[in-house]
Amino acid sequence: MTFVRACGLSELTEDTPKRVELDGTPVSVVRTEGEVFAINDICSHANVSLSEGEVEDCMIECWLHGSSFDLRTGKPSGLPATRPVPVYPVKIEGDDVLVSVTQES
């Protein structure tokens, strides 16, 4: 598993997704409930950016049709999305948020 720097921890605002691109993969990095998560930034239902949505209760909502995805598992909580989105391992080293997009979980 190869980790790359996604952003600085100090760049993240609580419950505000930050879109980054890592090795050609769009990723939404989210700091919420004392943890940092990385989830694929593309909604599995509508092919739009999840980082433009809102975060609440460890879920990120797609702004277009309202499907929410669990930041821990990528699973949707309800329709219209039925397929999960990939989530990625995160490590914090100092102020660096490191993400591995080489192995999905």
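Residues numbered from 1 in each chain as written. Predicted model: local features only at pLDDT ≥ 70, side-chain atom pairs only at ≥ 80, totals over all residues. Heavy atoms only, no water.

You'll find the protein entered in an unreviewed UniProt entry as Bifunctional 3-phenylpropionate/cinnamic acid dioxygenase ferredoxin subunit, with Streptomyces paludis given as the organism.

### Here's the deal with the overall build of the protein
Broken down by element type, the protein carries zero helices and 10 strands. If you list the helices and strands of the protein from N to C, you get β-β-β-β-β-β-β-β-β-β. Taken over C-alpha atoms, the radius of gyration comes to 12 Å for the protein, in line with the 13 Å a tight globule of 105 residues would show. Here the C-alpha coordinates of the protein stretch approximately 40 × 25 × 20 Å along the principal axes. In the protein, which comprises 105 residues, the share counted as buried stands at 46%. Counted over contacts in the protein with a minimum sequence separation of 6, partners at least 24 positions apart contribute 39%. Approximately 5,400 Å² of the protein is accessible, and the part contributed by carbon and sulfur atoms is 44%. Side-chain charges in the protein split into 8 positive and 18 negative, and the spacing between the mean points of these groups amounts to 5 Å. (Helix = DSSP H or I, 4+ residues; strand = E, 2+ residues; numbered from the N terminus. Rg over C-alpha atoms; globule rule 2.2 N^0.38 Å. Buried < 20%, exposed > 50% of the residue type's maximum accessible area, 1.4 Å probe, protein only. Contact = heavy atoms within 4.5 Å. Areas by Shrake-Rupley, 256 points an atom, 1.4 Å probe, with all protein chains shown as cover. Lys, Arg positive; Asp, Glu negative; His and termini not counted. Charge placed at Lys NZ, Arg CZ, Asp CG, Glu CD.)

### Digging into the sheet that holds strand E4 (residues 35-40)
In space, the four strands of this open sheet follow the order E2-E3-E4-E8, with antiparallel pairing throughout. Because the sheet does not close on itself, it has two edges, and the strands there are strand E2 (18-22) and strand E8 (87-88). Summarising the sheet, strand E3 (residues 25-32) and E4 pair through six bridges and their orientation is antiparallel. If you follow Ser28 over to E4, its bridge partner there is Ile39. (Pairing = 2+ DSSP bridges.)

### Section: the pairing of E2
Here five bridges tie E2 to E3, and the two strands are oriented antiparallel to one another. When the sheet's bridge partners are listed, Arg19 is paired in E3 with Ser28. Taking the residues that link successive antiparallel strands as the turn, the E2-E3 hairpin has two residues, and the phi of Asp23 there is positive, at about 50 degrees.

### A few points about the side chain of Ser49
Topologically, Ser49 is positioned in the loop between E4 and strand E5 (55-56). Within the structure, Ser49 has its side chain in polar contact with the side chain of Ser51 (distance 2.8 Å). The contact partners of Ser49, leaving out residues within four places of it in the chain, are Arg19, Asp41 and Trp63. (Polar contact = N/O pair within 3.5 Å; in protein donor to acceptor, adjacent residues only side chain to side chain.)

### Comments concerning the sheet that holds strand E6 (residues 59-61)
Sheet strands line up and pair through hydrogen bonds in the backbone, either parallel or antiparallel. If you trace the three strands from one edge of the open sheet to the other, you get E5-E6-E7, paired in antiparallel fashion. For this open sheet the edge positions go to E5 and strand E7 (68-70), each flanked by a neighbour on one side alone. Two elements, E6 and E7, share three bridges in a ladder whose sense is antiparallel. From the neighbouring strand, Ile60 faces E7, where its bridge partner is Phe69.

### Description of the nonpolar core
If you look at the biggest cluster of nonpolar residues, it comprises 15 residues, and the most contacted ones within it are Ile39, Cys43, Leu50, Ile60, Phe69 and Leu71. Judged by nonpolar contacts, the second largest core, of 14 residues, contains Leu9, Leu22, Val29 and Val97. (Core = buried A, V, L, I, M, F, W, Y, C linked by side-chain atoms within 4.5 Å.)

### Here we look at the environment of Glu14
Take Glu14: it is sitting in the loop between strand E1 (4-8) and E2. Residues Glu14 and Met59 lie 45 residues apart in sequence; the distance between their C-alpha atoms is 13 Å. If we skip the residues at most four places from it in the chain, Glu14 touches Arg31, Thr32, Glu33 and Gly34. Separated by 2.9 Å, the side chain of Glu14 and the backbone nitrogen of Glu33 make a polar contact.

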